[in-house]
Amino acid sequence: MADKILFEKGRLLVPDAPIIPYIQGDGIGVDIWENAQLVFDKAVEKAYGGHRKVVWKEVLAGKKAADLSGDWLPDETLATIKSHLVAIKGPLETPVGEGIRSLNVALRQELDLYACLRPVRYFKGVPSPLKHPEKTDITIFRENTEDIYAGIEWGCGTAAVQKVIDFLQKDMQVDKIRFPESSAIGIKPISKQGSERLIRAAIDYALAKGLRRVTLVHKGNIQKFTEGGFRKWGYELAQREYVDELASGKLIIQDVIADNFLQQILLFPEKFDVVALTNLNGDYASDTLAAQVGGIGIAPGANINYETGHAIFEATHGTAPDIAGQNRANPCSLILSGAMLFDYIGWSEASHLLTKAIEKALFEQKVTGDFASQLEGAPALTTSQFAEELLANIEKCS
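The paragraphs below set out a description of the structure included in this document. (Residues numbered from 1 in each chain as written. Predicted model: local features only at pLDDT ≥ 70, side-chain atom pairs only at ≥ 80, totals over all residues. Heavy atoms only, no water.)

**With respect to the side chain of N303**
Along the chain, N303 turns up in strand 13 (residues 300-304). The class of N303 is buried, set by a relative accessible area of 2%. The residues contacting N303, other than those within four sequence positions of it, are R108, L113, A115, C116, N144, H310, A311, I312 and E314. (Helix = DSSP H or I, 4+ residues; strand = E, 2+ residues; numbered from the N terminus. Buried < 20%, exposed > 50% of the residue type's maximum accessible area, 1.4 Å probe, protein only. Contact = heavy atoms within 4.5 Å.)

Spelled out as structure tokens, the structure:
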């Protein structure tokens, strides 16, 4: 019988027919979701012989929600995801001038999904700008709720920003605002609590996967108390909570300045296993690493609260309105995010089938147009044709 996923004593309780909410997404979301769902269901059927199935429940957000209800992010959607714990979504359009900075950010903030998880690896056959893209196999843990994404800022020339500047100059004795008359001001909150829970999640993930190196990426040489705090609190956490793992060599904690990190992942990506970053640095690093292995078209992602069990898995790319409705989009990001979802709920067999099916298709250069245009002699498959390849690959798996 279909039922909700529950979270008790730090672990998910998953029924054989879990109800999982999904947001179809805007733009190419329509194209990729309907094909991805077919592939998800096939993987589950193949893995469990009909003993397990997903009951998909659509919830609304983005343009479709606005058109139907007048609300870009309805309260009902948030309530449904909160009560069902685990959800998946396609790309969402960000409304302009509607008072919402980003629907993706809003979902993360509202549900306190503090860990943005992005595993980045290379699939053979995918065009890459690197000579050895196969050396890139890095899992990103990006803090999701603090830093400049908190959205605390005041515009140039406003009465509010003048109050902030007056306070900084008069009460806090700040004399380093070079052009106070024409400055906008933003606040960058980074907390010990927020940093620790993100870094703890990264370390736990590394240990569970048998990975040794967890790297703290920061700009603490300049931002001593925010980015520097992130680094300091990370080392203190490891030395306090992972004494045995550090002593045995199962865990190695290291750190690197953010700009140096962006250089090192190009030159020596094999030096990194799991990396923990503050929000803005994590944003930069996620897209940079994705580009190294072929682009965000095959980059999966998840936003997770490991303390409550809530998680939203998502396509990491945009809505691509120029090709929306044309059956041309690459569904790999969403499908690989689905594989992460199945791993998260403990259905690793279904996850494995999805990953292997994509590996085979890409290796044989059976690809959508975004990759075909970069591969000599490779025909461009439609979204549905690519999905058919994956369905056939899953069926052939033993």
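**Some remarks on the sheet that holds strand 5 (residues 86-89)**
Here we have ten strands laid out as an open sheet, ordered 4-3-5-14-13-6-7-12-10-11, and mixed in their pairing. Unpaired on one side and paired on the other, strand 4 (55-58) and strand 11 (252-257) mark the two borders of the sheet. Pairs of neighbouring strands in the sheet enclose a mean axial angle of 25 degrees, with direction left out of account. Across three bridges, the pairing between strand 6 (residues 115-121) and strand 13 is antiparallel. When the sheet's bridge partners are listed, C116 is paired in strand 13 with N303. Here helix 4 (residues 103-111) sits on the sheet and contacts strand 3 (19-23), strand 5, strand 7 (137-143), strand 13 and strand 14 (311-315); the angle it forms with strand 14, its principal contact strand, is near 170 degrees. Lying on the sheet, helix 6 (residues 192-208) is in contact with strand 6, strand 7, strand 10 (213-218), strand 11 and strand 12 (274-277); it crosses strand 7 at an angle near 155 degrees. (Pairing = 2+ DSSP bridges. Axes fitted to C-alpha atoms, helices over the stretch in contact; angles between N-to-C directions.)

**Some remarks on the packing of aromatic side chains**
The tally for this structure, following the rule as stated, stands at eleven aromatic pairs. With centroids separated by 5.5 Å and ring planes inclined at 65 degrees, the aromatic side chains of Y48 and W347 adopt a geometry described as edge-to-face. One end of the pair, Y48, is in helix 1 (residues 29-48); the other, W347, is in the loop between helix 11 (332-344) and helix 12 (348-363), with 299 residues separating them in the sequence. Note on accessibility: Y48 and W347 belong to one class, buried. (Phe/Tyr/Trp six-rings, centres within 6.5 Å; stacked < 30°, edge-to-face > 60°.)

**Some details on the environment of Q223**
Position of Q223 among the secondary structure elements: in the loop between strand 10 and helix 7 (227-241). Once residues within four sequence positions are removed from consideration, Q223 is found in contact with K188 and G228. A polar side-chain atom of Q223 sits 3.4 Å from a polar atom in the side chain of K188. (Polar contact = N/O pair within 3.5 Å; in protein donor to acceptor, adjacent residues only side chain to side chain.)

**What to know about the layout of surface pockets**
What the largest pocket holds in volume is close to 1,100 Å³. The wall of the largest pocket is formed by 45 residues, among which P119, T139, Y205, K209 and D343 lie closest to the centre. Of the residues contributing to the lining of the largest pocket, the split by class is 24 nonpolar, six polar and 15 charged. Taken together, 19 residues line the second largest pocket, and the ones lying closest to its centre are N104, R108, R118, T316 and H317. Of all the secondary-structure elements, those providing two or more residues to the lining of the second largest pocket are helix 4, helix 10 (279-292) and strand 14. For the lining of the second largest pocket, the class distribution of residues is six nonpolar, six polar and seven charged. (1 Å grid on protein atoms, 1.4 Å probe; cavity = no way out; pocket = protein on both sides within 12 Å on 5 of 7 lines; lining within 4 Å. Points joined across faces, edges and corners; volume = space filled by probe spheres on them. Nonpolar A, V, L, I, M, F, W, Y, C, P; charged D, E, K, R; others polar.)

**A closer look at the pattern of salt bridges**
Under the defined criterion, the tally for this structure stands at 23 salt bridges. Across the salt bridge formed by D283 and R142, the nearest N and O atoms sit 3.9 Å from each other. With D283 in helix 10 and R142 in strand 7, this pair connects stretches of sequence that are 141 residues apart. On the basis of relative accessibility, which here comes to 25%, the residue D283 falls in the partly exposed class. A salt bridge links K188 to E227; the nearest nitrogen and oxygen atoms lie 2.9 Å apart. (Salt bridge = Lys/Arg side-chain N within 4 Å of Asp/Glu carboxyl O.)

**Some points on helix 7**
The terminal C-alpha atoms of helix 7 lie 21 Å apart, and with 15 residues this matches the ideal 21 Å at 1.5 Å per residue to within 8%. The inward-facing, buried residues of helix 7 abut helix 6, strand 10, helix 8 (243-248), strand 11, strand 12 and helix 10. (Expected span 1.5 Å × (residues − 1).)

**Concerning empty space enclosed by the protein**
Counted by the stated rule, this structure contains one cavity of 30 Å³ or more. There is about 30 Å³ of room inside the largest cavity. Looking at the largest cavity, the residues that line it are I23, Q24, G25, D26, E58, V59, L60, A61 and K64.

**Topic: the packing of helix 11 against helix 12**
The N-to-C vectors of helix 11 and helix 12 enclose an angle of 155 degrees; their axes lie 7 Å apart at closest approach. It follows that helix 11 is roughly antiparallel to helix 12 by the angle criterion. Both helix 11 and helix 12 take part in a crossing whose hand is left-handed. Contacts between helix 11 and helix 12 involve C332, I335, L336, G338, A339, F342 and D343 from the first element and S348, A350, S351, L354, T355 and I358 from the second. (Parallel < 35°, antiparallel > 145°, perpendicular 65-115°, else oblique. Left-handed = near helix turned anticlockwise from the far one by under 90°.)

**Considerations on the packing of helix 1 against helix 12**
One way to put it is that helix 1 packs onto helix 12 with a least axis distance of 8 Å and a crossing angle of 125 degrees. Taken as axis vectors, helix 1 and helix 12 run oblique relative to one another. As for how helix 1 packs across helix 12, the hand of that crossing is right-handed. Only S348, E349, A350, L353 and L354 of helix 12 make contact with helix 1, whose side of the interface consists of V39, F40, A43, V44, K46, A47 and Y48. In the contact of helix 1 with helix 12, the residues fall into nine nonpolar, one polar and two charged.

**Some remarks on the pairing of strand 12**
Where burial is concerned, the two faces of strand 12 agree: the one with V274 and A276 and the one with V275 and L277 are both buried. Taken together, the four bridges between strand 7 and strand 12 define a ladder with parallel strand orientation. Its bridge partner being in strand 12, F141 is matched across the sheet by A276. Both strand 10 and strand 12 contribute to a ladder of four bridges, which runs parallel. Bridge pairing links L216 to A276 in strand 12.

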